[in-house]
Structures are given as structure tokens and as C-alpha cells.
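Listed below, chain by chain, are the residues.
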Amino acid sequence: MLRRASRLVGTFRVPGDKSISHRAAMLAAFASGVTRIEGYALNGDCLSTLGCIAALGAAVERDETTVTIASGGRDSLVAPAGPLDAGNSGTTMRLLAGLLAGCDLDVSIAGDESLSGRPMRRVANPLTSMGAVVETTGGHAPIHVRGKARLNAISYQPDPPSAQVKSAILLAGLSAEGVTRVRERVPTRDHTERLLSAFGVECGREDDVAWVRGPATLVPADVTVPGDVSSAAFLMALALLVEGSDVSITGIGLNPTRTRLFDVLAELGADIELTDFVDAAEPFGDVRVRYTERLGPLGGGPFVVGADIVAEMIDEVPILAALATRTTGGIRFEGVGELRRKESDRVAAMEEGLSLLGATVRSSDETLEIDGGRLLLGARVRSFGDHRIAMALGCLGVAIEGETTIEDAGAAGVSFPDFFDVLPEGAVVWSAHAGSER
Ligand code: S3P
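Residues numbered from 1 in each chain as written. Predicted model: local features only at pLDDT ≥ 70, side-chain atom pairs only at ≥ 80, totals over all residues. Heavy atoms only, no water.

**Student:** Would you take a moment to explain unusual backbone geometry for this structure?
**Tutor:** If a residue is not glycine, its phi is most likely negative; likewise, a peptide bond is most likely trans. For the peptide bond that leads from Ala141 to Pro142, omega is -5°, which places it in the cis range. Within the secondary structure, Pro142 is located in strand β8 (residues 140–146). Geometrically, the link from Gly214 to Pro215 is a cis peptide bond, its omega value of -5° lying close to zero. The residue Pro215 is located in the loop between β13 (209–214) and β14 (222–224) in this model. The backbone of Phe384 sits at a positive phi, close to 55°, despite the residue not being glycine. Summarising the element assignment, Phe384 is placed in the loop between β22 (380–382) and α12 (387–397). Look at Phe384 and you get partly exposed, because its relative accessible area is 37%. (Helix = DSSP H or I, 4+ residues; strand = E, 2+ residues; numbered from the N terminus. Buried < 20%, exposed > 50% of the residue type's maximum accessible area, 1.4 Å probe, protein only.)

This is the structure:
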């Protein structure tokens, strides 16, 4: 159960970036030798990826900060006796499908109930046209991959734009003859491309096309994973929700394909400052956010977040929707259809949660609109087993009057296991009867 906090002040670190961690572990399994990954995200999703590559024959060791992966390379991988378990992680399932498409193996990949409801043809179709056999279960997981050591290079444009689909194709491109190209209408996160270069692969980007040349031999790399900007987003929003807050988060990834939220918050007038920027293979730095009295434009009407911006900050929509409740004119999101196919239907989940807390919310297939300036009051709300919904509603729970209970708050553990522990003292009262209710 959550209660209103007085304020959040301090310097925080967040877990390692989930997207980079998944990719580094998978590429390590394809490289012959030992890869060290510093700052690997030891959360539920990224542990699923480690479990999968270990089942494929890579030797995985970890301590508190570093994961070490020893592999004999692509040809040393073996098919496990049973299906690989991707848990709740769409990135694990879709990217592994791409990697395994280029291995002469027969492998099934399964996931939990949420993952088993998510669309998989979007990776099966392009991988099939590269020459692998990828069968879905009625378009969903479990999926079955019968790979081929040599694939055909293709040119493909994922629709809707998706970093997971782009990455699956580029990873299959490692085993294809020639140049595999992925065109994107809006630039999605480019961690795969950056990491492929670090593992010695010839790849690049020309205008809106990412490409990789195969067949490629990967050399092990030393990878440093910065803090996850999508986890930091919750602490940044908390600073803007709870009066008097002043929050600094250090060492977070500032890859420009991940920071669209910062631009939107700045346009809303939030007091945000970026410092100590380091332009590494994956850029990182510190961010400081101070509570800002007025959020939103002076004129009437909602602040509009258009479809392309939504695509570029797809994981941050739930927390921005929570923040919308305290803007002057509210926020209207357009092109949100993809959000309905994440770990939960995030449009419906946020609409229900915010409405239960007293907000005025309207939605259609492709839009979500939240009115600003409403006084919210604590209530019992549902996370739908979705980490980002649990945390977005959690941020509101510590900002508003009354008591807020979040059903299945433990869902946060797939990306930010300590989230409820970093909230201000007194704001979180643990539920006596269910560890997953906060
Ligand atoms: C991710 C890509 C995004 C994002 C997900 C992680 C990735 O999904 O929502 O949390 O690591 O590539 P889509 O690419 O399917 O939009």
C-alpha cells in the first residue's frame, strides 16, 4: 500500500539497461571466447535471456556487477532438450528467434501467459523469407525455429516500426550471405547496431536503413551497460509529481534513440538538467530533475504527443500518462495502437488505473487522452502483471492523498526489482497478506 510522500530528494542509480543487457548476452553466445558485461541488468527479463543462452550451451557466470559469458561461438551452440523459457520478455523471444534462425538447430521458445498473447508473426515472416522455418502458435508463442547455417540477405521494413523486429533481422543477417537491410520509418533504439560493431561485425546505417554484412564472425567484447533510462524515467516523473522533490540519477544511458521523453518533459516546462555526458559506445551521463510548479503549455487544450514521438518513447508512455494528470491542459497521445500489444494492453491498463484514481481519461484504438488538473485520490488499482503499469501507478500512489494499493506490484521485478524500495520512507507500507501487493 502506498501513501503520499513528503518529497523525494537524493542521488540514485538505476539497474543496467535492459535492452543492452539482452543484446550483449546474445552476441556473447555467438562469439568465440570470453565476453565480460559490466553492469548487466540482473532483473527478471535479463535473467531469462541468461537462462536461454546457458541452455544453448554458453557458460554463464555472474557476480553482483559483472556477467561473464564463455562460448565456443555460433557452431558450438546446441539445441536444449525442452523449450527455451523467455518468461515475460518479448525482447528475449524475438531476438533469440533471429539469432537461432542462423543456427543449424531445432529450438522451441516459450513464455509466460502475457508473452504467449503477443504477436510473433512480425518476426516469423521476415525470418522465414530469409530461409529459416519459424512456426508460431496461431501467430503467438510458443514459437518453433528450425534454423539454417546459411540464410538469404533481405531488405525489409518492419511495420509498425520495432527495434525488436529490426534486431531479429539484423541478428539473422549475421548468418546470411551479403548485406541485410532494415529500413525504418522512425528511428528505433540502435543498441544492436552499436553492439554488433563492438563485436567486430561490419554494419552501419545509411539514412533510414540499418545494415549488416554476413556471414560474420564475432569476436568477444568488454561491454559496459549504463543505467536504464526507461527505469530512470519513473524517478524523474516522481520528482515532478511530489512537491519539493530534487532527484539526481547518475550513470544512465543517454543514447539519443532513447531520450525522447527528455524533450517532451522539457517542452512541458519541467526543470531538467543533463550533466557529465560521456560519449562512449553507449553514451551516458547524469540527470537532475526538480519539482516544477507549472507543467504544460499556457494556452488551453491538451499537449499533443504525435504518433512518431510515441513510437520513439514507446516504453515511457505509461509514466507520461501518469504525469499528464498534473499538467495544465492534459496530454493527448496519438498512434498508441502498439501499446496495446506490450506486456499488457497499456492503453486499457492506464485508462482503468487513472480513472480509478479519479482522473478523466478517454481512449480509442489509436489515441489516449488524459485531462490535467484533476485532484486524484488513492484507490485499489491493477498492474495487469505489467512492470511499467505497476511503477507508473506506483509513482502516483506516493504523490496523491489517500491510500493506493497496486495489485501484483511485484511485476516491477522484470525490469526494476528495487523500485518500491527506493520510494521515500513512509510512502510504502508492505501488504501483510501478499508480497506482490504494494
Ligand atoms: C525493445 C524494443 C521495444 C520496447 C521493449 C524493448 C528492445 O519494443 O518496447 O521494451 O529492447 O528492442 P518494440 O521494438 O517491439 O517496439
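**Student:** I'm lost on the packing of aromatic side chains in this one. Help?
**Tutor:** Pairs of aromatic rings are described using the distance from one ring centre to the other and the angle between the two planes. By the definition in use, this model includes 3 aromatic pairs. Aromatic pair Phe234 and Phe419: ring centres 6.1 Å apart, planes at 70°, arrangement edge-to-face. A residue pair is termed long-range when its members are at least 10 positions apart, and Phe234 in helix α7 (residues 229–241) and Phe419 in helix α13 (residues 419–422) qualify at 185 residues. On the basis of relative accessibility, which here comes to 0%, the residue Phe419 falls in the buried class. Cluster of aromatic residues (ring-pair linked, three or more members): Phe234, Phe416, Phe419 and Phe420. (Phe/Tyr/Trp six-rings, centres within 6.5 Å; stacked < 30°, edge-to-face > 60°.)

**Student:** What is the right way to look at the environment of Gly111 in this model?
**Tutor:** For Gly111, the position within the fold is in the loop between β6 (106–110) and α4 (121–129). What makes Gly111 partly exposed here is its relative accessible area of 23%. Along the chain, Gly111 and Pro417 lie 306 residues apart, while their C-alpha atoms are 20 Å from each other.

**Student:** When you look at helix α6 (residues 191–198) in this model, what are you seeing that I'm missing?
**Tutor:** Each full turn of the α-helix corresponds to 3.6 residues, which orients residues three or four apart in the same direction. Looking at α6, one finds that the buried residues are His191, Thr192, Glu193, Leu195 and Leu196. Elements that come into contact with the buried residues of α6 comprise α1 (18–30), α5 (163–173), β12 (203–206), β13 and β14. Looking one or two places after α6, you find Gly200, whose phi comes out positive at around 85°. (Contact = heavy atoms within 4.5 Å.)

**Student:** I would appreciate a short explanation of the sheet that holds strand β5 (residues 84–85) in the present structure.
**Tutor:** Hydrogen bonding along the main chain pairs the strands of a sheet, whether they run parallel or antiparallel. The mixed open sheet is built from 4 strands, whose spatial order is β5-β6-β8-β7. A strand with exactly one partner marks an edge of an open sheet, and here the two such strands are β5 and β7 (133–137). Pairing between β6 and β8: 4 bridges, direction antiparallel. In the sheet register, Asp106 faces β8, and the bridge partner there is Arg146. (Pairing = 2+ DSSP bridges.)

**Student:** Just to check I follow, could you spell out the site of the ligand for this structure?
**Tutor:** The environment of the ligand is formed by Ser19, Arg23, Thr91, Ser162, Ala163, Gln164, Arg189, Ile314, Asp315 and Lys342. With respect to the ligand, the side chain of Ser162 contributes an N or O atom lying 3.0 Å from an oxygen atom. Within the side chain of Asp315, an N or O atom sits 2.6 Å from an oxygen atom of the ligand. Here the ligand has 380 Å² of accessible area as a free molecule, and 94% of this is covered by the chains. Among the elements of the structure, α1 and α5 are those that each provide at least two residues to the shell around the ligand. By residue class, the composition of the shell around the ligand is 2 nonpolar, 4 polar and 4 charged. The residues that make up the shell around the ligand include at least three from each of domain 1 (2–15 + 226–437) and domain 2 (18–224). (Near = heavy atom within 4 Å. Polar contact = N/O pair within 3.5 Å; in protein donor to acceptor, adjacent residues only side chain to side chain. Areas by Shrake-Rupley, 256 points an atom, 1.4 Å probe, with all protein chains shown as cover. Nonpolar A, V, L, I, M, F, W, Y, C, P; charged D, E, K, R; others polar. Domains from an automatic or database assignment.)

**Student:** Would you explain the sheet that holds strand β18 (residues 303–305) in this entry?
**Tutor:** The strand order β18-β19-β21-β20 describes an open sheet built from 4 strands, whose pairing is mixed. Where the open sheet ends on each side, the last strands, each with one partner, are β18 and β20 (361–363). Ignoring which end each strand starts from, the neighbouring axes of this sheet average 10° apart. (Axes fitted to C-alpha atoms, helices over the stretch in contact; angles between N-to-C directions.)

**Student:** What am I meant to see in the nonpolar core here?
**Tutor:** Among soluble globular proteins, nonpolar side chains are generally buried collectively. Judged by nonpolar contacts, the single largest core of 77 residues is most densely connected at Ile249, Ile252, Leu265, Leu320, Phe333 and Leu354. The leading source of residues in this core is α7, at 11 residues. Residues contacting Leu320, with those up to four places away along its chain left out, are Leu261, Val264, Leu265, Leu268, Val305, Met313, Ile331 and Phe333. Ala41, Cys52, Leu56 and Ala97 belong to the second largest nonpolar core, which has 68 residues in total. (Core = buried A, V, L, I, M, F, W, Y, C linked by side-chain atoms within 4.5 Å.)

**Student:** Help me understand the side chain of Glu184, please; the structure alone is not making it clear to me.
**Tutor:** Assignment of secondary structure puts Glu184 in the loop between β11 (176–183) and α6. According to the relative accessible area criterion, Glu184 is buried, its value standing at 3%. Within polar-contact distance, the side chain of Glu184 engages the side chain of Lys166 at 3.1 Å. Within the structure, Glu184 has its side chain in polar contact with the side chain of Arg205 (distance 3.0 Å). Contacts of Glu184, omitting those with residues within four sequence positions, involve Lys166, Arg205 and Asp208.

**Student:** So what exactly am I meant to see when it comes to the domain arrangement of the protein chain here?
**Tutor:** Many analyses report the size of an interface as the accessible area lost when the parts associate. Domain parsing of the protein chain yields domain 1 (2–15 + 226–437) and domain 2 (18–224). Each of domain 1 and domain 2 has a C-alpha centre, and the two are 29 Å apart. Taken together, the links from domain 1 to domain 2 amount to 4 salt bridges. A salt bridge links Arg189 to Asp315; the shortest N-O distance between them is 3.1 Å. The tally of links between domain 1 and domain 2 comes to 15 residue pairs in polar contact (both at pLDDT 80 or more). Tallying contributions element by element places helix α9 (residues 307–312) first for the side of domain 1 that touches domain 2, with 3 residues. Looking at the side of domain 1 that touches domain 2 residue by residue, the class counts come to 9 nonpolar, 5 polar and 11 charged. (Salt bridge = Lys/Arg side-chain N within 4 Å of Asp/Glu carboxyl O.)

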